Amino acid sequence: MRIWGGRPLEGSLRVQGSKNAALPMIAASVLHNGKTVLHNCPRIADVDYMTDILKMLGTKAWWEGNTLFLDCSQVFCGRIHKAYAQKMRSSIVLLGALVGRFKKAAIAHPGGCVIGPRPIDMHLEVLRALGTEISEEDGMICAKCRELKGASYRYRIRSVGATQQGILAAVLAKGTTRLLHCSSEPEVQWLIRFLNKRGADIVWENEEDICIHGVNCLEDVEFEIPPDRIVAGTYLCAGAITRGRVTLENVILEEIEAFLDVYQKMGGQYEVNSGKLVTDSRRVELAIPYLETEVYPGFPTDLQSPMMAVLATVPGRSHIRETIFEDRFKAAQGLQKMGASIYIEGRDAWIEGGSPLHGARVQACELRGGAALVLAGLAAQGETIVENCEYIERGYEHICKDLFALGGILERDTGR
């Protein structure tokens, strides 16, 4: 991706459907011997990867615009090999869905972005709690049971993926399951809404405990994928780093409150007008003395790298502590190459902001860090080349087109 920076972004965009909400819903479609229709589904690489896995298992899948149709009436319980599973970490949630329908499943260890250790132990523990036997054979995680039975399981830490795993496995289990100390991220809440619409019986007992009454079967469903809160935050960071004015349509404000709080502390201004989020970043000039990533409703780890890029342009010293993933400062090296002053020690990053950024050739190492380098390129003087853009395309449907529509000068070079 080639970017010529130095122009404030201005204009209006509609936010795409949520990657992190869509993927578990696609996985959940195999629970039902019938059809699933997902409107506003993002046409991104990760959705393609998940859909390819389902096709390999016998699913019929097709698109009409941004509506994804899935017919799982002919699905069989095949082995999900390394070539499929290692393209994306969220493939692991297929274990719960396949065991729920077929009482068995086998999948290679999942892959995805390299942002530090992300063990799957709690995924396997919650399946065991529901009566599943787990073993490893020839590099495959194998799960089987005679019958899934409701149980109580408490997560040691709040995990989005492990919470979704437990939900998918418990939906068709006999009896009642209680999942305690769950993640309450919007993507978990949307999965529950999706499953309840198709006949599941899932309720929140309080803000972190979920009760699931097993049902015998699910029903066909049409569902609207919610807007992607991380894409929304990324584009607001694009406005902030260029000191522009960006308006977003299709945003759920309560899902990005933590981000907007930090945005205001930097000097950003916003208002809601006719359902649109209107932002003005011309006065973004205040450093953030301390920012810590947290589980929802705290500041999301997925927006830490884009925020670091913004803070590199803000005069003064800012401090970010990453509490979710151990190795999520990979964007710092590229930002440093572009002139940013960033010091990393363990889970802490100190940014001495205000120095002008300049164009450079940099590499995306993972999804959100790659997006951060694109944002830095929009603010930098001269030409920036971001390599390995396939990482970025795992989560952003039309990032070049969208930023170009806001006045950015950039292009995707598809030559080799």
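In this text, all values refer to a predicted model and were calculated from it rather than measured experimentally.

Reading the values: rules and limits
- Residues numbered from 1 in each chain as written.
- Predicted model: local features only at pLDDT ≥ 70, side-chain atom pairs only at ≥ 80, totals over all residues.
- Heavy atoms only, no water.
- Buried < 20%, exposed > 50% of the residue type's maximum accessible area, 1.4 Å probe, protein only.
- Helix = DSSP H or I, 4+ residues; strand = E, 2+ residues; numbered from the N terminus.
- Contact = heavy atoms within 4.5 Å.
- 1 Å grid on protein atoms, 1.4 Å probe; cavity = no way out; pocket = protein on both sides within 12 Å on 5 of 7 lines; lining within 4 Å.
- Points joined across faces, edges and corners; volume = space filled by probe spheres on them.
- Nonpolar A, V, L, I, M, F, W, Y, C, P; charged D, E, K, R; others polar.
- Pairing = 2+ DSSP bridges.
- Core = buried A, V, L, I, M, F, W, Y, C linked by side-chain atoms within 4.5 Å.
- Axes fitted to C-alpha atoms, helices over the stretch in contact; angles between N-to-C directions.
- Parallel < 35°, antiparallel > 145°, perpendicular 65-115°, else oblique.
- Left-handed = near helix turned anticlockwise from the far one by under 90°.
- Phe/Tyr/Trp six-rings, centres within 6.5 Å; stacked < 30°, edge-to-face > 60°.

**Details of helix α4 (residues 94–102)**
The buried fraction of α4 amounts to eight of the nine residues, a majority that puts the element mostly inside the structure. Of the residues making up α4, those classed as buried are Leu94, Leu95, Gly96, Ala97, Leu98, Val99, Gly100 and Arg101. Just beyond α4, the residue with positive phi is Lys103, at close to 65 degrees.

**Here we look at the side chain of Ser281**
Of note, Ser281 is situated in the loop between β17 (276–280) and β18 (291–292). Not counting the four nearest positions on each side in its chain, Ser281 is found in contact with Gly239, Ala240, Arg243, Gly244 and Tyr263.

**Looking at empty space enclosed by the protein**
Gaps left between atoms show up when a probe the size of a water molecule is rolled over them. Under the criterion given, the structure shown has one cavity of 30 Å³ or more. Looking at the largest cavity, its volume works out to about 30 Å³. Lining of the largest cavity is provided by Arg229, Glu254, Glu255, Ile256, Glu257, Ala258, Tyr296, Pro297, Gly298 and Pro300. The residue inventory of the lining of the largest cavity, partitioned by class, reads five nonpolar, one polar and four charged.

**Notes on the pairing of strand β4 (residues 60–64)**
Relative to strand β5 (residues 67–71), β4 is paired through five bridges, and the arrangement is antiparallel. Following the sheet pairing, Glu64 is matched in β5 by Thr67. Connecting β4 to the antiparallel partner β5 that follows it, the hairpin turn spans two residues, and Gly65 within it adopts a positive phi of roughly 65 degrees.

**Some points on the nonpolar core**
Ranked by internal contacts, the top residues of the largest apolar core, which has 75 residues, are Ile167 and Leu195. In terms of residues, this core owes the most to one element, helix α1 (residues 19–28), which gives seven residues. When residues no more than four places from it in sequence are discounted, the contact partners of Leu195 are Ala28, Leu31, Ile167, Leu168, Val171, Ala200, Ile202 and Leu218.

**A closer look at the packing of helix α8 (residues 229–241) against helix α12 (residues 367–379)**
Axis angle and axis distance: for two packed helices, these are the angle between their axes and the distance between the axes, and together they describe the pair. Taken N-terminus to C-terminus, the directions of α8 and α12 make an angle of 25 degrees; their axes are 9 Å apart at the nearest point. Relative to α12, the element α8 lies roughly parallel. Handedness of the crossing formed by α8 with α12: right-handed. From α8, Ile230, Thr234, Cys237, Ala238 and Ile241 reach across to α12, where they touch Arg368, Ala371, Leu375, Ala376, Leu378 and Ala379.

**Some thoughts on the packing of helix α5 (residues 121–129) against helix α6 (residues 160–170)**
Orientation of α5 relative to α6, taken along the N-to-C sense of each, is 25 degrees, at an axis distance of 8 Å. Between α5 and α6, the interaxial angle falls into the category roughly parallel. Note that α5 runs across α6; the crossing there is right-handed. Contacts from Met122, His123, Val126 and Leu127 of α5 reach α6 at Gly161, Ala162, Gln165, Gly166 and Ala169. For the contact of α5 with α6, the class distribution of residues is five nonpolar, four polar and no charged.

**Some details on the sheet that holds β18**
Overall, mixed pairing links the four strands, which are arranged β18-β19-β21-β20 in an open sheet. Single-partner strands in this sheet number two, and they are β18 and β20 (341–345). As paired strands, β20 and strand β21 (residues 348–353) are joined by five bridges and run antiparallel to one another. Residue pairing for β21: Ile342 is matched across the bridge by Ile351.

**Quick notes on the sheet that holds strand β9 (residues 140–144)**
Pairing is mixed in the open sheet, where four strands are placed in the order β6-β7-β9-β8. Since the sheet does not close on itself, it has two edges, and those belong to β6 (79–80) and β8 (133–137), each with one partner. Pairing analysis gives five bridges linking strand β7 (residues 104–108) to β9, with the strands arranged antiparallel. When the sheet's bridge partners are listed, Lys104 is paired in β9 with Lys144. Contacting β6, β7 and β9, α4 runs over the sheet at an angle of about 155 degrees to β7.

**Focus: the pairing of β9**
Across the five residues of β9, four count as buried, placing the element largely inside the fold. Connecting β8 to the next strand, β9, in antiparallel fashion are two residues, including Asp138 with a positive phi near 55 degrees.

**Observations concerning the environment of Ser341**
Mapped onto the secondary structure, Ser341 falls in strand β20. Taking the C-alpha atoms as reference points, Ser341 and Ser355, separated by 14 residues in sequence, lie 7.6 Å from one another. Setting aside residues no more than four positions away along its own chain, Ser341 makes contact with Trp350, Ile351 and Glu352.

**Observations regarding the environment of Glu255**
Following the sequence through the fold, Glu255 ends up in the loop between β15 (245–249) and α9 (257–265). Sequence-wise, Glu255 and Lys330 are 75 residues apart; in three dimensions their C-alpha atoms are separated by 26 Å. Non-local contacts of Glu255, meaning those with residues more than four positions away in its chain, are made with Pro186, Trp190, Pro227, Arg229 and Tyr296.

**Comments concerning the packing of aromatic side chains**
Two aromatic rings are characterised by how far apart their centres lie and by the angle between their planes. The full count for this structure, using the stated rule, is seven aromatic pairs. Taking 6.3 Å as the distance between ring centres and 75 degrees as the angle between the ring planes, the aromatic pair formed by Trp190 and Phe223 counts as edge-to-face. Of this pair, Trp190 sits in helix α7 (residues 186–197) while Phe223 sits in strand β14 (residues 221–224); the two residues are 33 residues apart in sequence, bridging distant segments of the chain. Connected via pairs of aromatic rings, a cluster forms that spans Trp190, Phe194 and Phe223.

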